[in-house]
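Descriptive structure summary
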Amino acid sequence: IGSTPYCLVVHTDGSIHAVNTETYVQTEIAPAGTISSASRLNVGITQYGSRYVQIVAVQTNGYFIWDGTVFYQAGTLAPPVTITAGGTGYTSAPTISFSGGSGSGAAATATVAGGVVTAITITNPGSGWTAGQTVTVGISGGGGASATATVTIMPFAISGTTIEIYAGRVWIANGATVTFSAPGSIVDFSTASGGGNFTSSYSFLRVRFIQLLQTNGFLYLLADSAINYISGVQTSGTPATTTFTNQNADPEVGTPWPSTVNTFGRNILFANAFGAHVSYGASVNKISDMLDGVYNT
């Protein structure tokens, strides 16, 4: 996050800690019970550039964001606050307030440069908002006028086991269903903005997608029994509609073990019960023939 490297740890009690891997300082970013039934098969983690860490879990409201300071979840405000007009004449930082809906407790600070409000940073996301509510940003004081901004609340009913960023969108898999956000957004999954979802109907998908991983210009969907890849993502029209190509790379080889999936250069490595494999683009090859005796025992 920024220039600070972290290791995120999800505990079996459902709490989440961030460990600074340079100083080894441990910080609890979410209390016990945040994640339900925490396990490696039920939780996915990714990052949006160096700004956010995103966590998804299999539960009613299972989508979370951490910006290095603030932890966001369903019922809180969502990052970022969008400046729609910087205003003029500000000689100091104005006061930021939030109104509307059933939530409370949110707080934020403003940054001013050249008499213009250039950023609003959430310091407390508040709580208590419900789906569909609208929050208004108030900007007052500071000697200036006419600055405006918008903010939304975190999405509800997002759930999954694996998450990845691809083509400027968030992609989340839950079973055989993949949900994706609107372009350029980490919190808007509405179809009106270009978000959406699809459920695989391929006969060779046994149960679910195990891991989403983007590399070599594609988003790979590794399932327990097959591999697909997505490409050519684009959003156009009014209302916005997102289209893409979803093709199969291998109808027979997959993995039930998300921890074994990783990239090596442009290739994807993974293991399953009968060996280790590498995916060269759309071709999957076994690379552990000499270890078959080990796997079989």
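Quick caveat: nothing in here was measured; it's all calculated off a predicted structure. (Residues numbered from 1 in each chain as written. Predicted model: local features only at pLDDT ≥ 70, side-chain atom pairs only at ≥ 80, totals over all residues. Heavy atoms only, no water.)

A word on the overall build of the protein chain. The number of helices and strands found in the protein chain is 1 helix and 25 strands. Projected onto its principal axes, the C-alpha positions of the protein chain cover 75 × 50 × 35 Å. Scored against the burial criterion, the 297 residues of the protein chain give a buried share of 46%. Counting only contacts in the protein chain whose residues sit at least 6 apart along the sequence, the fraction spanning at least 24 positions is 49%. Carbon and sulfur atoms make up 51% of the accessible area of the protein chain, which amounts to about 13,700 Å² in all. When the 7 basic and 11 acidic side-chain charges of the protein chain are each reduced to a single mean position, those positions are 5 Å apart. (Helix = DSSP H or I, 4+ residues; strand = E, 2+ residues; numbered from the N terminus. Buried < 20%, exposed > 50% of the residue type's maximum accessible area, 1.4 Å probe, protein only. Contact = heavy atoms within 4.5 Å. Areas by Shrake-Rupley, 256 points an atom, 1.4 Å probe, with all protein chains shown as cover. Lys, Arg positive; Asp, Glu negative; His and termini not counted. Charge placed at Lys NZ, Arg CZ, Asp CG, Glu CD.)

To continue, consider the environment of Gly-114. Following the sequence through the fold, Gly-114 ends up in the loop between strand 10 (104-113) and strand 11 (116-127). Given the relative accessible area of 84%, Gly-114 is considered exposed. As for Gly-114 and Asn-42, which are separated by 72 residues in sequence, their C-alpha atoms are 48 Å apart.

What follows is about the packing of aromatic side chains. Centre distance and the angle of the planes are the two values used to describe a pair of aromatic rings. Per the counting criterion, the structure on display carries 13 aromatic pairs. A ring pair is formed by Tyr-202 and Phe-204, whose centres lie 4.9 Å apart and whose planes are at 10°; its orientation type is stacked. Given a relative accessible area of 32%, Tyr-202 falls into the partly exposed group. The rings of Tyr-166, Trp-171, Phe-180, Phe-198 and Phe-244 are connected pair by pair, giving a single aromatic cluster. (Phe/Tyr/Trp six-rings, centres within 6.5 Å; stacked < 30°, edge-to-face > 60°.)

If you trace the 3 strands from one edge of the open sheet to the other, you get 1-2-3, paired in antiparallel fashion. Among the strands making up the open sheet, the edge pair consists of strand 1 (6-10) and strand 3 (26-30). Here the average twist between neighbouring strands, direction ignored, is 30°. (Pairing = 2+ DSSP bridges. Axes fitted to C-alpha atoms, helices over the stretch in contact; angles between N-to-C directions.)

Ordered in space as 4-5-6-7, the 4 strands form an open sheet in which the pairing is antiparallel. Of all strands in the sheet, those bounded by a partner on one side alone are strand 4 (43-48) and strand 7 (71-72). As paired strands, strand 4 and strand 5 (residues 52-57) are joined by 6 bridges and run antiparallel to one another. Looking at the pairing, Val-43 lines up with Ala-57 of strand 5.

Attention now moves to the nonpolar core. Counting residues in each nonpolar core, the largest one holds 35 residues, and the members touching the most others are Tyr-63 and Ile-120. Counting 15 residues, the second largest nonpolar core, distinct from the first, contains Tyr-166, Phe-209, Ala-223 and Val-233. (Core = buried A, V, L, I, M, F, W, Y, C linked by side-chain atoms within 4.5 Å.)

In this structure, Pro-80 follows Pro-79 across a cis peptide bond, with omega equal to -10°. Relative to the helices and strands, Pro-80 is located in the loop between strand 7 and strand 8 (82-85). Of note, the bond from Thr-238 into Pro-239 is cis; its omega dihedral lies within 30 degrees of zero at 0°. Here Pro-239 lies in the loop between strand 20 (227-236) and strand 21 (241-250). At Tyr-24, a position not held by glycine, the phi torsion is positive, near 65°. With respect to the helices and strands, Tyr-24 occurs in the loop between strand 2 (16-20) and strand 3. In this structure Tyr-24 comes out as exposed when scored by relative accessible area, which is 60%.

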